[in-house]
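Structural overview for review
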Amino acid sequence: MHSKVLEELIKNGVPYKEIKHADFTCEIKSPNDFARVLQIDLVRITKSVFLRIKNKDHFLMAVCSCKDKLDLPKLANLAGYGKLEIASKDKLNEVIGYPANGVCAIGVPVDVFMEESLLVYDRILTGAGVAGIEIEIDPKDLARISHAQLANIII
């Protein structure tokens with residue numbers, strides 16, 4: 001787990017479970033593989049998408065289920081910006097410091113928007129700021145410590 005993520009979890013007293021892909025006998029190449037090995041519904045595994053306001057050096061992050069598709073126009077409107085686009089991996093590393101396959105909304109210096117329907121679950125899985133490790137966490141805790149604005153941000 002990335003040190004920034006661990007620091008925020010501890011500082012905020014958030015209970016979590018760290019799950020390492022390497023602890024499983026089968027190779028995990030996708031969220032579908034991960035859901036299958038954990039025997040959970042894919043909807044509980046989240047993706048954190050790092051976005052850039054088009055033609056500007058301003059960024060935000062959106063968190064939703066891996067099963068869902070972000071509604072970028074709706075999210076742009078909620079954030080009060082024009083168009084949004086996926087930010088480059090270089091900008092992700094420069095601004096956030098997490099790899100593309102380990103993005104997490106915890107400990108980031110940008111506004112975070114989180115899909116409100118995730119709150120129906122007791123526990124969800126999210127990236128840990130490094131590749132190959134996920135955190136199982138209460139979605140309310142994720143929203144709280146990432147200072148996320150809860151909204152309907154999916155299609």
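What you see is a predicted model; the values in this text were computed from it and never measured.

Quick look at the state of the cysteines
All told, the structure shown has zero disulfides when counted by the stated rule. Distance from the sulfur of C26, which forms no disulfide, to the nearest cysteine sulfur (C66) is 17 Å. Of all cysteine sulfurs, the one in C66 lies closest to C104, which takes part in no disulfide; the gap is 13 Å.

Here's the deal with the pairing of strand β5 (residues 111–115)
Burial of β5 is extensive: four of the five residues sit out of reach of the surface. Here four bridges tie strand β3 (residues 59–65) to β5, and the two strands are oriented parallel to one another. Counterpart to V63 in the pairing with β5 is M114. Pairing analysis gives three bridges linking β5 to strand β8 (residues 149–151), with the strands arranged parallel. Looking at the pairing, E115 lines up with A151 of β8.

Focus on the sheet that holds strand β2 (residues 46–53)
Sheet architecture is open: five strands sit in the order β4-β2-β3-β5-β8, paired in mixed fashion. Either end of the sheet is taken by a strand with one partner, and the two such strands are β4 (84–86) and β8. On average, each strand axis in the sheet is tilted by 35° relative to the strand beside it, whichever way the strands run. Both β2 and β4 contribute to a ladder of three bridges, which runs antiparallel. Considered in β4, the bridge of R52 is made with E85. Running at roughly 95° to β2, helix α4 (residues 89–96) makes contact with β2 and β3 of the sheet.

A few points about the environment of F50
Looking at the element boundaries, F50 is found in strand β2. Classification of F50 as buried rests on a relative accessible area of 5%. Along the chain, F50 and I153 lie 103 residues apart, while their C-alpha atoms are 14 Å from each other. Leaving out residues up to four positions away in the same chain, F50 has contacts with F59, L60, M61, E85, I86, A87, K91, L92, V95, I96 and V110.

A closer look at the pattern of salt bridges
By the definition in use, this model includes nine salt bridges. Linking E8 and K11 is a salt bridge whose minimum nitrogen-to-oxygen distance equals 3.1 Å. Taken as a pair, E8 and K11 lie in helix α1 (residues 3–11) at a separation of three residues, close to a single helical turn. For E8, a relative accessible area of 15% translates into the label buried. For K11, a relative accessible area of 58% corresponds to the exposed category. The partner of D57 in a salt bridge is K91, with the nearest N and O atoms 3.3 Å apart. Taken together, the residues span a long stretch of sequence, with D57 in the loop between β2 and β3 and K91 in helix α4 at a distance of 34 residues. A residue is classified by how much of its surface remains accessible, and D57, at 58% relative accessible area, is exposed.

So, how was this worked out
Residues numbered from 1 in each chain as written. Predicted model: local features only at pLDDT ≥ 70, side-chain atom pairs only at ≥ 80, totals over all residues. Heavy atoms only, no water. Disulfide = S-S within 2.5 Å. Buried < 20%, exposed > 50% of the residue type's maximum accessible area, 1.4 Å probe, protein only. Helix = DSSP H or I, 4+ residues; strand = E, 2+ residues; numbered from the N terminus. Pairing = 2+ DSSP bridges. Axes fitted to C-alpha atoms, helices over the stretch in contact; angles between N-to-C directions. Contact = heavy atoms within 4.5 Å. Salt bridge = Lys/Arg side-chain N within 4 Å of Asp/Glu carboxyl O.

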